[in-house]
Each structure stands twice: as C-alpha cells, then as structure tokens.
Amino acid sequence: MKVLLVQRAEVFSPNSVQKDKAILEAVGAKLSAAGHEVEMVSEEQPFAPEGYDRIFTMGRLPETLDKLRDCQAINSSAGIHNCARCQLESLMQQIGTPMPPREGAHGYWLKRGDAAAQSKSDVQYAANQTELNAKIAAFKQRRITSYTVSAHVPGDLVKFYGVAGTNFFRYYYPTDDGDTKFDDEQRNGTARHYPFVVEALQADANKLAQAVGISVYGGDCIIREDGSYCLIDFNDWPSFSRCRESAATAIAALININN
C-alpha cells in the first residue's frame, strides 16, 4: 500500500517541532517495516494527495484541510477542523462530555477559539473578571474574536493520549516529569494523584473522538479530589512524546482497521 505522511506546519508545533516530527517518523517506520511504501512531506511545501492508498496527516493549515477533504486520511479534515475550541466546546456540550463550569472562584481560562494554540498568548489565565475582560480586549486587538472562557478547576492536571478503534490509552501527570509546553500546568500545582476511574475517562475521550471525527487524539483533564473530572483540552494528533513507540504501533495499525 502506498502511504503519504503529512508533517504539521511549525507554527502549530510551539516548542514541539521535533517531538511532532518524531511521532510521524515513528509511524512511518512501523508502516515501512510492515511492507508499505511510505513518503513524508511537510504541509508547508507543495504536495499532491493523489495516487496514495492512505494518508496519515498532522496538518492543520486551511489549504491542507481543503486538499485532503475528500481523501482517506487519518485524521480526517473535518475532524481536525472540529478541534478548533469553539466548535469542540459545542460538540462536548452536545454529547455530555464532563466540562469545567463557566463561572468559579479560582480564576478563568481564556483560549483562542478559531484554531489550535500557536503560542503561549493563545491560552491565558485570568485571576478575576477584571483581568479576564482586559485579556479579552487584548485578544480583540489581535483580531481574535472567537474564544472560549471557562473557570479554573483545582485538582490534578492529567494529560491523556489515545487511538480510537484500538485499546491504546495512556495518561500522565506532567508535574511528575516536568515535561511542559507553556508551563501552564504549574497553575494546578504538584499532582496529588487523586484516584479516579481510568476506564471512564477513556470512554469519554473515545466518545468525544468519535463525535469530533478523529482517531488519533490527546487532551488534558482535571481530576478533582473526589475523583470526578472534567476535560479542559482535546486535540488532533499530539506528539505522544511520553509513549511514542507504543503509540506509533497503535496508529500504524489503523491502516488495517480502516482499510
């Protein structure tokens, strides 16, 4: 089978360019070892999707999504588009995904809603309503008029990774290993490792992945002291840097599951 791998534009890999490239290369290695003919291109360079039996894409540029709209791609263009925060929040509400409340006593998170975060300034914490209003005004000065607001939820921050259609699901506490993108994880402090039902989180994450329309996903959630949780982020094809080899095996297997 002839397979095309599409690498993500660097603007969508803040502080993670090499990590994002590494997971795609690892998937390519698995596919090559299985006898498939594999090519890898950057979405920042001209490429044609015709002539390939399957496409694995991390691309997020609008022109990439348009180009791959009618292709057999993992993840799909429609699914990647649905990961924009405003669209994602609407889908989460529709299917009953546990979410943070809109109001709270511990501050707010303001997040760009029209696209994936491209810099630390696209995801901001505000200690109170006055600070939130000022940061919304700053967003508008940057011509960002699509955004989401949610209350900060105290608890353990957990990052999770999954491949829908397989049994692959992993979760990690970023304060345990210090691996961070923007250092926002420190807002919740050192993890206390509150017990929670992992299978329930996996089920909610897979349900959301199905609603969004992607197979390869990652996200963040907050585990409260009582074991309840809420999802605060969900995105298409993270770097899987904490579990790259096992994730690559699961992702490569999708070529048979979706064949």
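Reading the values: rules and limits
Residues numbered from 1 in each chain as written. Predicted model: local features only at pLDDT ≥ 70, side-chain atom pairs only at ≥ 80, totals over all residues. Heavy atoms only, no water. Helix = DSSP H or I, 4+ residues; strand = E, 2+ residues; numbered from the N terminus. 1 Å grid on protein atoms, 1.4 Å probe; cavity = no way out; pocket = protein on both sides within 12 Å on 5 of 7 lines; lining within 4 Å. Points joined across faces, edges and corners; volume = space filled by probe spheres on them. Buried < 20%, exposed > 50% of the residue type's maximum accessible area, 1.4 Å probe, protein only.

So, on to the environment of glycine 35. Relative to the helices and strands, glycine 35 is located in the loop between helix 1 (17-33) and strand 2 (37-42). It is 19 Å that separates the C-alpha atoms of glycine 35 and alanine 73, two residues lying 38 residues apart in sequence.

Size it by volume and the second largest pocket reaches roughly 240 Å³. Lining of the second largest pocket is provided by 17 residues; of these, Glu89, Met99, Pro100, Thr148 and Ser150 occupy positions nearest its centre. Those elements giving two or more residues to the lining of the second largest pocket turn out to be helix 4 (85-95), strand 7 (147-151) and strand 11 (229-236). In terms of residue count, the dominant contributor to the lining of the second largest pocket is helix 4 (five residues).

Cis geometry is found at the peptide bond from isoleucine 74 to asparagine 75, where omega equals -5°. Relative to the helices and strands, asparagine 75 is located in the loop between strand 4 (73-74) and helix 3 (77-82). The backbone phi angle of asparagine 15 is positive, close to 60°, even though this residue is not glycine. Structurally, asparagine 15 can be placed in the loop between strand 1 (2-7) and helix 1. Of note, histidine 193 is a non-glycine position whose phi angle comes to about 60°, a positive value. Tracing the backbone through its elements, the reader meets histidine 193 in the loop between helix 6 (174-177) and helix 7 (198-212). For histidine 193, a relative accessible area of 38% puts it in the partly exposed group.

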